[in-house]
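One letter stands for each residue in the lines below.
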Amino acid sequence: EVAKRILELKKMVHASEGTEEDWETIQLHFNEVHPDFFRRLKAMCDDLTQHDLKHAAYIRMNLSTKEIARIMNVSERSVQTARYRIKKKLSIDKDTDLSRVLRDL
């Protein structure tokens with residue numbers, strides 16, 4: 001059941017053009033699958049922006065840098081920079097895998 005919902009969520013993300021309205025819908029579904037993710041993430045760092053949270057959610061969904069860049073209509077370098085900034089805000093060592101940290105939330 002959860003795996004099916006995650007797959008549906010990924011399909012929805014890939015189908016969207018990255019508009020704010022699409023993000024709100026995705027966020028609702030994401031919260032159903034990962035209910036405390038944003039609360040736990042904000043508990044780690046209250047300074048995360050909406051943009052950071054969006055990146056973190058896509059990373060948590062195990063989307064690649066290339067997929068995130070396409071969805072958000074930005075360059076892959078921008079996605080890499082966003083990952084770096086999130087790690088810095090969360091005080092995560094540069095050698096630590098951000099996706100693993102987010103998966104464990």
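Refer to the structure printed above.
The notes below deal with the structure included here. (Residues numbered from 1 in each chain as written. Predicted model: local features only at pLDDT ≥ 70, side-chain atom pairs only at ≥ 80, totals over all residues. Heavy atoms only, no water.)

With respect to the side chain of His 55
Here's step 1: Turning to its location among the elements, His 55 is positioned in helix α4 (residues 50-60).
Here's step 2: Residue classification places His 55 among the buried positions, given a relative accessible area of 1%. (Helix = DSSP H or I, 4+ residues; strand = E, 2+ residues; numbered from the N terminus. Buried < 20%, exposed > 50% of the residue type's maximum accessible area, 1.4 Å probe, protein only.)

A few points about the nonpolar core
Here's step 1: Membership of the largest hydrophobic core comes to 27 residues, with the highest contact counts inside it found for Leu 41, Tyr 58 and Leu 90.
Here's step 2: For this core, the elements supplying multiple residues, two or more each, are α2 (20-33), α3 (37-44), α4, α5 (65-72), α6 (76-89) and α7 (98-103).
Here's step 3: The element that contributes the greatest number of residues to this core is α4, accounting for five residues.
Here's step 4: Other than its neighbours up to four places away in sequence, Leu 90 contacts Leu 41, Met 44, Cys 45, Leu 48 and Leu 98. (Core = buried A, V, L, I, M, F, W, Y, C linked by side-chain atoms within 4.5 Å. Contact = heavy atoms within 4.5 Å.)

Focus on the pattern of salt bridges
Here's step 1: Considering all chains together, one arrives at three salt bridges under this definition.
Here's step 2: The partner of Arg 39 in a salt bridge is Asp 36, with the nearest N and O atoms 3.6 Å apart.
Here's step 3: The closest approach of N and O atoms between Asp 36 and Arg 40, which form a salt bridge, is 3.7 Å.
Here's step 4: The class for Asp 36 is partly exposed, based on a relative accessible area of 30%. (Salt bridge = Lys/Arg side-chain N within 4 Å of Asp/Glu carboxyl O.)

A few points about the side chain of Thr 65
Here's step 1: Within the fold, Thr 65 resides in helix α5.
Here's step 2: A relative accessible area of 18% places Thr 65 in the buried class.
Here's step 3: At a separation of 3.4 Å, a polar atom in the side chain of Thr 65 contacts the side chain of Arg 83.
Here's step 4: Not counting residues up to four positions away in its chain, the partners in contact with Thr 65 are Glu 76, Val 79, Gln 80 and Arg 83. (Polar contact = N/O pair within 3.5 Å; in protein donor to acceptor, adjacent residues only side chain to side chain.)

Considering α3
Here's step 1: Among the residues of α3, those classed as buried are Phe 37, Phe 38 and Leu 41. All buried residues of α3 fall inside an arc of 90° around its axis, so they share one side. Set apart from the buried face of α3 by more than 90 degrees, the exposed residues are Arg 39 and Ala 43. (Arc of directions from axis to C-beta.)

Regarding the environment of Trp 23
Here's step 1: For Trp 23, the position within the fold is in helix α2.
Here's step 2: Contact partners of Trp 23, with chain neighbours within four places excluded, come to Phe 38, Gln 50, Leu 53, Lys 54, Ala 57 and Tyr 58.

Shape is all these values report; function is a separate question.
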